[in-house]
Amino acid sequence: MSSAPCPVAGSSLMSTVSPSLQERRMELVREHMQSENELRFDDTLQTFDHPRYEIVPTGEVFDGAAEVAEYYRLSRTAFPDQRNENVVFHQTPDAVIVEFDLLGTMKGELRGIAPTGRSFRCRMCALFLFEPGHDRIVCERVYFDQATMAQQLLGTEEPPAAG
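All values reported here derive from a predicted model rather than from experimental measurement.

## Details of the pattern of salt bridges
Any two side chains of opposite charge can pair, given that their charged atoms come close.
Then step 1. Evaluated as defined, the whole model comprises 15 salt bridges.
Then step 2. Of the charged contacts in the structure, one is a salt bridge between Arg24 and Asp135, with a shortest N-O distance of 3.1 Å. Of the two residues, Arg24 sits in helix α1 (residues 19-37) while Asp135 sits in the loop between β5 (119-130) and β6 (137-144), which places them 111 residues apart along the sequence.
Then step 3. For Asp63, the salt bridge is made with Arg52, and the minimal N-O distance between the two is 3.3 Å. Taken as a pair, Asp63 in strand β2 (residues 60-63) and Arg52 in strand β1 (residues 52-55) lie far apart in primary sequence, 11 residues in all.
Then step 4. Of the residues examined, Arg52 reaches a relative accessible area of 3% and is grouped as buried.

Printed below as a string of structure tokens:
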């Protein structure tokens, strides 16, 4: 795992984006999320210019196709039914911002924690970052509240109903 910042992470210049580029980016992010739901990870990897995930709450960074493929393997071993729902998209000149519920049932080990068989639902926010003028993802940066997930997976709280 790498700790170097995403190539566009420090960019402070706002680019002008054509409507067609915005549409291609939006469609690409939709395909990215749908392919994850359908466990078509080879297709998901094709949405990146260079595969990279930054999981902000844990500090994990998966950089490159091999590390990202391993992230998919580990996360889906722990949560084979992991999926996103209630998706809301927002656009900026060089990012698509997505709010969504992530759901799953812990059926496998994760970071040394034995499977609990419990389910979770957690609201998340992912930034899909793009190089100015390009239509392939260079980084998916994910934010969420770890305590929400831990309470549902390890504690007594049940996941909230879909809303």
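Text resumes after the structure shown.
## Regarding the nonpolar core
Then step 1. Residues Val29, Tyr53, Tyr72, Met124 and Phe128 are the most contacted members of the largest nonpolar core, which totals 31 residues.
Then step 2. Listing elements by their share of this core, those giving two or more residues are α1, α2 (41-45), β1, α3 (65-78), β4 (95-105), β5, β6 and α4 (146-154).
Then step 3. With 6 residues, the top contributor of residues to this core is β5.
Then step 4. With residues near it in sequence (within four places) discarded, Val29 still touches Phe89, Val96, Val98, Phe128, Phe130 and Ile137.

## Topic: the sheet that holds strand β3 (residues 83-92)
Sheets are built from strands that pair by backbone hydrogen bonding, the pairs being arranged parallel or antiparallel.
Then step 1. The sheet built from 6 strands is open, its strands ordered β2-β1-β6-β5-β4-β3 with mixed pairing. Among the strands making up the open sheet, the edge pair consists of β2 and β3. Going across the sheet, the axis of each strand differs from the next one's by a mean of 20°, ignoring polarity.
Then step 2. Of the pairings in the sheet, the one linking β3 to β4 comprises 8 bridges and is antiparallel in character. Its bridge partner being in β4, Glu85 is matched across the sheet by Asp101.
Then step 3. Across the face of the sheet, α1 comes into contact with β1, β3, β4, β5 and β6 while running at roughly 165° to β3.

## Things to note about the pairing of β1
Then step 1. Alternating positions in β1 separate into two faces, Arg52 and Glu54 on one and Tyr53 and Ile55 on the other, with burial throughout.
Then step 2. Where β1 meets β2, 4 bridges bridge the pair, whose relative direction is antiparallel. Bridging from a neighbouring strand, Tyr53 pairs with Phe62 of β2.
Then step 3. The turn joining β1 and β2, which pair antiparallel and follow one another in sequence, is formed by 4 residues; a positive phi near 80° is taken by Gly59.

## Overview of the environment of Arg136
Then step 1. Mapped onto the fold, Arg136 is located in the loop between β5 and β6.
Then step 2. The partly exposed category is assigned to Arg136, whose relative accessible area is 33%.
Then step 3. Along the chain, Arg136 and Asp49 lie 87 residues apart, while their C-alpha atoms are 5.0 Å from each other.
Then step 4. Ignoring sequence-local partners within four residues, the contact set of Arg136 consists of Leu28, Gln46, Thr47, Phe48, Asp49, Leu129 and Phe130.

## So, the packing of aromatic side chains
Then step 1. All chains considered together, the criterion is met by 7 aromatic pairs.
Then step 2. Between Phe41 and Tyr72, the ring centres sit 4.5 Å apart and the planes meet at 15°, which makes this aromatic pair stacked. Here Phe41 is found in helix α2, whereas its partner Tyr72 is found in helix α3, with 31 residues between them in sequence.
Then step 3. Taking relative accessible area as the criterion, Phe41 reaches 16% and is therefore assigned buried.
Then step 4. Seen in terms of ring centroids, Tyr53 and Tyr72 are 5.7 Å apart; in terms of plane orientation they differ by 85°. Their pairing is edge-to-face. Of the two residues, Tyr53 sits in strand β1 while Tyr72 sits in helix α3, which places them 19 residues apart along the sequence. Accessibility assignment for this pair places Tyr53 and Tyr72 in one class, buried.
Then step 5. Joined through ring pairs, the aromatic side chains of Phe41, Phe48, Tyr53, Phe62, Tyr71 and Tyr72 make up one cluster.
Then step 6. For the cation-ring pair, Arg30 lies above Phe89, with the distance from its terminal atom to the ring centre recorded as 4.8 Å.

The rules behind the values
Residues numbered from 1 in each chain as written. Predicted model: local features only at pLDDT ≥ 70, side-chain atom pairs only at ≥ 80, totals over all residues. Heavy atoms only, no water. Salt bridge = Lys/Arg side-chain N within 4 Å of Asp/Glu carboxyl O. Helix = DSSP H or I, 4+ residues; strand = E, 2+ residues; numbered from the N terminus. Buried < 20%, exposed > 50% of the residue type's maximum accessible area, 1.4 Å probe, protein only. Core = buried A, V, L, I, M, F, W, Y, C linked by side-chain atoms within 4.5 Å. Contact = heavy atoms within 4.5 Å. Pairing = 2+ DSSP bridges. Axes fitted to C-alpha atoms, helices over the stretch in contact; angles between N-to-C directions. Phe/Tyr/Trp six-rings, centres within 6.5 Å; stacked < 30°, edge-to-face > 60°. Lys NZ or Arg CZ within 6 Å of the ring centre and 35° of its normal.

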